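Structural features, examined
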There are 2 protein chains.
Amino acid sequence: MSKPTGYILKPNPADPRLTERVSGLDQSGGKIETAVTVERALTIFLNSQEIVTAMTINDYPEYLAIGYLLNQHMLLPDDVVTGVDYDEELSLVVVRTKRKTNYEKKLKKKVQTSGCAQGTVFGDLMEALEDVKLPDTQLRTSWLYKLAHDINTTPSLYLEAGAIHGCVLAQEDKPLVYMEDVGRHNAVDKIAGWMFKEKVSPADKIFYTTGRLTSEMVIKTVRMGIPILISRSGFTAWGVELARKANLTLIGRARGKRFVALAGEHRIVFDQDLAFVEEESAKHRRKAAMHDE
Amino acid sequence: MSKPTGYILKPNPADPRLTERVSGLDQSGGKIETAVTVERALTIFLNSQEIVTAMTINDYPEYLAIGYLLNQHMLLPDDVVTGVDYDEELSLVVVRTKRKTNYEKKLKKKVQTSGCAQGTVFGDLMEALEDVKLPDTQLRTSWLYKLAHDINTTPSLYLEAGAIHGCVLAQEDKPLVYMEDVGRHNAVDKIAGWMFKEKVSPADKIFYTTGRLTSEMVIKTVRMGIPILISRSGFTAWGVELARKANLTLIGRARGKRFVALAGEHRIVFDQDLAFVEEESAKHRRKAAMHDE
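What you see is a predicted model, and the numbers here were worked out from it, not measured in a lab. (Residues numbered from 1 in each chain as written. Chains lettered and ligands numbered in written order. Predicted model: local features only at pLDDT ≥ 70, side-chain atom pairs only at ≥ 80, totals over all residues. Heavy atoms only, no water.)

1. Some words on the pattern of salt bridges
Side-chain pairs of opposite charge can arise where the charged atoms are in close proximity. Threshold: We define a salt bridge as a side-chain nitrogen of Lys or Arg found within 4 Å of a carboxyl oxygen belonging to Asp or Glu.
By the definition in use, this model includes 26 salt bridges over all chains. A salt bridge links aspartate 204 of chain B to lysine 205 of chain B, with the shortest nitrogen-to-oxygen separation between them at 2.7 Å. Overlapping salt bridges, with partners in common, bring together Asp59, Asp181 and Lys190 of chain A in one network.

2. A look at the pairing of strand E1 (residues 19-26) of chain B
Convention followed: DSSP bridges decide pairing: two strands pair if at least two such bridges lie between them. Strands are runs of DSSP state E lasting at least 2 residues, helices are runs of H or I lasting at least 4, and numbering of each runs from the N terminus.
Where strand E15 (residues 258-263) of chain A lies against E1 of chain B, 2 bridges are found, and the strand directions are antiparallel. Bridge assignment links valine 260 of chain A to a residue of E1 of chain B, and that residue is aspartate 26 of chain B. The pairing of E1 of chain B with strand E2 (residues 31-37) of chain B spans 7 bridges and is classified as antiparallel. When the sheet's bridge partners are listed, glutamate 20 of chain B is paired in E2 of chain B with valine 36 of chain B. Where E1 of chain B hands over to E2 of chain B, the hairpin turn is made up of 4 residues, of which glycine 29 of chain B adopts a positive phi near 90°.

3. So, the environment of serine 233 of chain B
Examined against the element boundaries, serine 233 of chain B turns out to sit in the loop between strand E13 (228-231) and helix H7 (237-246). For the pair serine 233 of chain B and leucine 169 of chain B, spaced 64 residues apart in sequence, the C-alpha to C-alpha distance is 17 Å.

4. Considerations on the sheet that holds strand E12 (residues 206-209) of chain B
How we decide: Helix axes use the C-alpha atoms of the stretch in contact, all axes being lines fitted to C-alpha atoms, and the angles between their N-to-C directions lie in the range 0 to 180 degrees. When checking whether two residues touch, look at their non-hydrogen atoms; a contact exists if any pair is within 4.5 Å.
With mixed pairing, the 8 strands of this open sheet are ordered in space as E2(A)-E1(A)-E15(B)-E14(B)-E13(B)-E12(B)-E10(B)-E11(B). Either end of the sheet is taken by a strand with one partner, and the two such strands are strand E2 (31-37) of chain A together with strand E11 (174-181) of chain B. The average angle at which neighbouring strand axes cross in this sheet is 30°, direction not considered. Strands in contact with helix H3 (residues 141-152) of chain B are strand E10 (165-171), E11, E12, E13, strand E14 (249-255) and strand E15 (258-263) of chain B; relative to E11 of chain B, the strand with the most contacts, it is inclined by about 45°.

5. Quick look at the packing of aromatic side chains
Residues and elements named next belong to chain A. For clarity, the threshold we go by: The aromatic pairing rule takes the rings of Phe, Tyr and Trp, using the six-membered ring of Trp, and pairs them if the centres are within 6.5 Å, calling planes under 30 degrees apart stacked, those over 60 edge-to-face and the rest tilted.
Overall, the coordinates contain 8 aromatic pairs over all chains when judged by the stated rule. Here phenylalanine 259 and phenylalanine 270 contribute two aromatic rings whose centre-to-centre distance is 6.4 Å and whose plane-to-plane angle is 15°, an arrangement assigned as stacked. Here the residue phenylalanine 259 occupies a position in strand E15, and phenylalanine 270 occupies one in the loop between strand E16 (268-269) and helix H8 (282-291), the gap between them amounting to 11 residues. Following the ring pairs from residue to residue traces out a cluster consisting of Tyr145, Phe259 and Phe270.

6. Quick word on the sheet that holds strand E10 (residues 165-171) of chain A
In spatial order, the strands read E11(A)-E10(A)-E12(A)-E13(A)-E14(A)-E15(A)-E1(B)-E2(B); together these 8 strands make up an open sheet with mixed pairing. Each edge of the open sheet carries a strand with a single partner, namely strand E11 (174-181) of chain A together with E2 of chain B. On average, each strand axis in the sheet is tilted by 30° relative to the strand beside it, whichever way the strands run. Strands in contact with helix H3 (residues 141-152) of chain A are E10, E11, strand E12 (205-209), strand E13 (228-231), strand E14 (249-255) and E15 of chain A; relative to E11 of chain A, the strand with the most contacts, it is inclined by about 45°.

7. Quick word on the packing of helix H5 (residues 184-197) of chain B against helix H6 (residues 215-224) of chain B
Residues and elements named next belong to chain B. The cut-off we apply is this: Orientation categories follow fixed angle ranges, with anything under 35 degrees roughly parallel, anything over 145 roughly antiparallel, 65 to 115 roughly perpendicular, and all other angles oblique. All amino acids are sorted into three groups, where Ala, Val, Leu, Ile, Met, Phe, Trp, Tyr, Cys and Pro are nonpolar, Asp, Glu, Lys and Arg are charged, and the leftover types, Gly among them, are polar.
Between H5 and H6, the least distance of the axes is 11 Å, while the angle of their chain directions is 0°. Here H5 lies roughly parallel to H6, going by the angle between them. Listed contacts from H6 to Arg184, His185, Val188, Asp189, Ile191, Ala192 and Met195 of H5 are Met217, Lys220 and Met224. Taken together, the residues that form the contact of H5 with H6 break down as 6 nonpolar, 1 polar and 3 charged.

8. With respect to H3 of chain A
All names here are of chain A. What counts here: Given the number of residues in a helix, its expected span is that number minus one, multiplied by 1.5 Å. The buried label goes to any residue with under 20% of its type's maximum accessible area, the exposed label to any with over 50%, and the partly exposed label to all in between, with areas taken from a 1.4 Å probe on protein chains only.
Between its first and last C-alpha, H3 extends 17 Å over 12 residues, near the 16 Å set by a 1.5 Å rise per residue. In terms of burial, H3 is largely enclosed, as 10 of its 12 residues are buried. Every buried residue belonging to H3 is among Thr141, Trp143, Leu144, Tyr145, Lys146, Leu147, Ala148, Asp150, Ile151 and Asn152, and all of these are buried.

It is worth stressing that arrangement in space is one thing and function is another; only the former is reported here.
Following this line, the structure appears as structure tokens:
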């Protein structure tokens, strides 16, 4: 398989703002120095209203703010964004819209969701699912194996310092945008923000994540209009149920040769000869076990 | 090392309410059946006020409700709980207190935090840290290795169906309470609820988690008054910083022989001869890699 190429955006693990060196002791009591991932507080405003303070690695505050508001249904797909102002000193970002917004009421009713993809979603997120019709985009298994290989060999903060989640937006066998963050919901929101800003169609896209396929992850993918969701990790029952209701293709436990599809199986074209797929390297598996549970 | 014994509460992976069988396709296009973890919505009330809807495996709704309210600082350590009513049909649990409560204002200002331990914490949680004085409880490395071994060999939903997080409350080398849930914050909250209900002192306890050592995880542990936090997984920079400020012993990447301590190192007594510690089994490492990232 070829080297990963053609990313529009990908992690920059060499960025000194994203990791920090700290010292401590190892198991023998000896002094060591190690790299840890940063997390910073970023307060998101929609027009004059303070919405939420997120903890983030803060590499793309503008995309995070737009994506968060979109995924919370506070910013609508056809809203005109008149400005996004990031103030580094105050750690805040203001998204301004042509439409007047007021989410005073909405902020009172929050649903706390489960899992790594944890975040604060609002009650009517669920209702929004009902209007979404996901297109019958194909997923060739040859794309799936190529994507997993490319993503796993892309230099990332995950490989550098761990304690991070990654999400990738892909098209056919090509990864396009790879975002990482301390909270997976942030990585998802940054991709949603990028798609909104760049006016990218979700219909022919594939979403790949390092984390578990919980209800929240399914809801976010469907809300974004992306028909295929793939993860190295496992499923929850409600995640599977929602994916089936929404006609989302849900693939989990994807590593090496193996994967399991529990919803939307009709999109999958089994074109890959499995004899030519490598098992996942022991080194990558160790890395995964090390950082991500 | 001996078999795990002496748990007061531990996972019951055989409980049919906690997993569900679903069918799908594997990588060859063949039909398969597999177990997935359930998640259910549970709405938590404090007296007459609806506070939050959490997604949970719902094995201990009462402990979850009490612990959630405690960790959000809505229930105070010296509050008198006059009743905890769980309504299975309506999926709600009401915690009643002698003190009149009103969190209308507080519910408006929420801070969304990072990481697997994601949850909704309130702004003043941070302030609450300043009043906590953690005791100088010892941590012998021989306890640490014994605990990790016992926890890793305890039958759990994690080993059964994956897509779950686990937290364990321990004392010296003995695990006492092992809780699992689809969101790690739930597992933490259930332990906090159990400690409150059973009037258990945190001063001589150790907290073990499968997830990353983020700021939120550190804040929760300190708020609970537990002086030692251990994880198989990695650190974030802010997690380390907060742990140092709060004088919490923070140990991460604990697997097999290895671990790294980045805060509160003075509590550690290096009494274990490392020549007698087994490396983590390849099977457990595979399981960890499989389910948890």
